[in-house]
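# Working through the structure, step by step
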Amino acid sequence: MSDLDQIDILSGLKPGSELYAIRRERPEFVEGTELCRETVLSPNHGFGLSHALRAALASRMARSIGREDLAAVYDLMLDEAGSDADLASIASGAETAAAADAFTSAIIRHADLVTRTPRNSSRADIERLEKAGFTNPQIIALSELIAFVNYEARVLAGLSLLEEVE
């Protein structure tokens, strides 16, 4: 695989660089990350979590982690999916976004909790989603999105550290 992927672009990796080559030693991770991005952000079945909402949440989580570069990628995705004032508020990380409807508030609360303080999440948080009307497929879809954005941010951070060592 010689094409740049989103992680290459955000981390500044170029074909021919040592880290680029090292990433390609495990093509299943490079290809799997891109496939996962597509699957969690633009799935064939959204389970009531639209592409635009997913992009807004991804942007919010990236900002919360301190990855403005990654948030900008998700902001573009949100614009392409059809942003509105509510989604832009979610993406911005605004606390007022939590004043949305109960369903959206529950999503925001859960994404913020798991992204900012994952060790504080518990079964009670899943039960809170269930009480807010979430189905098991929706909880799984939300969990996959949260996991992917956090994974992507950590891969970028790790590559950044490796570049500093070179």
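Residues numbered from 1 in each chain as written. Predicted model: local features only at pLDDT ≥ 70, side-chain atom pairs only at ≥ 80, totals over all residues. Heavy atoms only, no water.

## As for unusual backbone geometry
Peptide bonds are, in most cases, trans, and in most cases residues other than glycine have a negative phi. For Phe47, which is not a glycine, the phi torsion comes out positive at approximately 55°. Its location among the elements puts Phe47 in the loop between helix H3 (27-41) and helix H4 (51-65). Under the relative-accessibility criterion, Phe47 is labelled partly exposed at 34%. (Helix = DSSP H or I, 4+ residues; strand = E, 2+ residues; numbered from the N terminus. Buried < 20%, exposed > 50% of the residue type's maximum accessible area, 1.4 Å probe, protein only.)

## Points about H4
For H4, built from 15 residues, the straight-helix expectation of 21 Å at 1.5 Å per residue is met to within 8% by its first-to-last C-alpha distance of 21 Å. Across the 15 residues that make up H4, a large majority, 11, are buried. The inward-facing, buried residues of H4 contact H3, helix H5 (68-81), helix H6 (85-92), helix H7 (102-116) and helix H9 (136-165). The first or second residue beyond H4 is Gly66, which carries a positive phi of 95°. (Expected span 1.5 Å × (residues − 1). Contact = heavy atoms within 4.5 Å.)

## Notes on the pattern of salt bridges
Here the structure, examined in full by the defined rule, presents 15 salt bridges. In this structure, Asp8 engages Arg24 in a salt bridge whose closest nitrogen and oxygen atoms are separated by 2.4 Å. A residue pair is termed long-range when its members are at least 10 positions apart, and Asp8 in helix H1 (residues 6-11) and Arg24 in helix H2 (residues 18-24) qualify at 16 residues. Looking at Asp8, the relative accessible area reads 0%, which means it is buried. Arg24 sits in the buried class, given a relative accessible area of 15%. The salt bridge partner of Glu68 is Arg63, with a shortest N-O separation of 3.4 Å. Glu68 gets classed as partly exposed once you look at its relative accessible area, which sits at 46%. Among the residues examined, Arg63 registers a relative accessible area of 23% and is labelled partly exposed. (Salt bridge = Lys/Arg side-chain N within 4 Å of Asp/Glu carboxyl O.)

## Re the nonpolar core
With 42 residues, the main nonpolar core has Leu57, Tyr74 and Leu145 as its most contacted residues. The leading source of residues in this core is H9, at 10 residues. Every residue in contact with Tyr74, bar those within four places of it in the chain, is listed here: Arg37, Leu41, Ala55, Ala58, Ser59, Ala62, Phe148, Val149 and Glu152. (Core = buried A, V, L, I, M, F, W, Y, C linked by side-chain atoms within 4.5 Å.)

## Things to note about the confidence of the model for the protein
For the protein, the average pLDDT comes to 91, and 95% of its residues sit at 70 or higher. Ranking the helices and strands of the protein by mean pLDDT puts H4 first, with 97, and H2 last, with 91. (pLDDT = per-residue confidence, 0-100.)

## Brief notes about the environment of His45
The topology assignment puts His45 in the loop between H3 and H4. Distance in space between the C-alpha atoms of His45 and Ala141 is 9.8 Å, their sequence separation being 96 residues. In this structure the side chain of His45 is engaged in a polar contact, spanning 2.9 Å, whose partner is the backbone nitrogen of Phe47. (Polar contact = N/O pair within 3.5 Å; in protein donor to acceptor, adjacent residues only side chain to side chain.)

## With respect to the environment of Arg128
Position of Arg128 relative to the elements: it lies in helix H8 (residues 123-131). Judged by relative accessible area, which is 41%, Arg128 ranks as partly exposed. Linking Arg128 and Leu13, residues 115 residues apart in sequence, is a C-alpha distance of 41 Å. Reaching out from Arg128, the side chain makes a polar contact with the side chain of Asp125 at a distance of 2.8 Å.

## A few points about the packing of H4 against H6
Interhelical geometry of H4 versus H6 gives an angle of 25° and a closest axis separation of 6 Å. What the angle tells us is that H4 and H6 run roughly parallel. Side by side, H4 and H6 meet where Ala52, Leu53, Ala56, Leu57, Ser59, Arg60 and Arg63 of the first sit next to Leu87, Ser89, Ile90, Ala91 and Ser92 of the second. Looking at the contact of H4 with H6 residue by residue, the classes come out as seven nonpolar, three polar and two charged. (Axes fitted to C-alpha atoms, helices over the stretch in contact; angles between N-to-C directions. Parallel < 35°, antiparallel > 145°, perpendicular 65-115°, else oblique. Nonpolar A, V, L, I, M, F, W, Y, C, P; charged D, E, K, R; others polar.)

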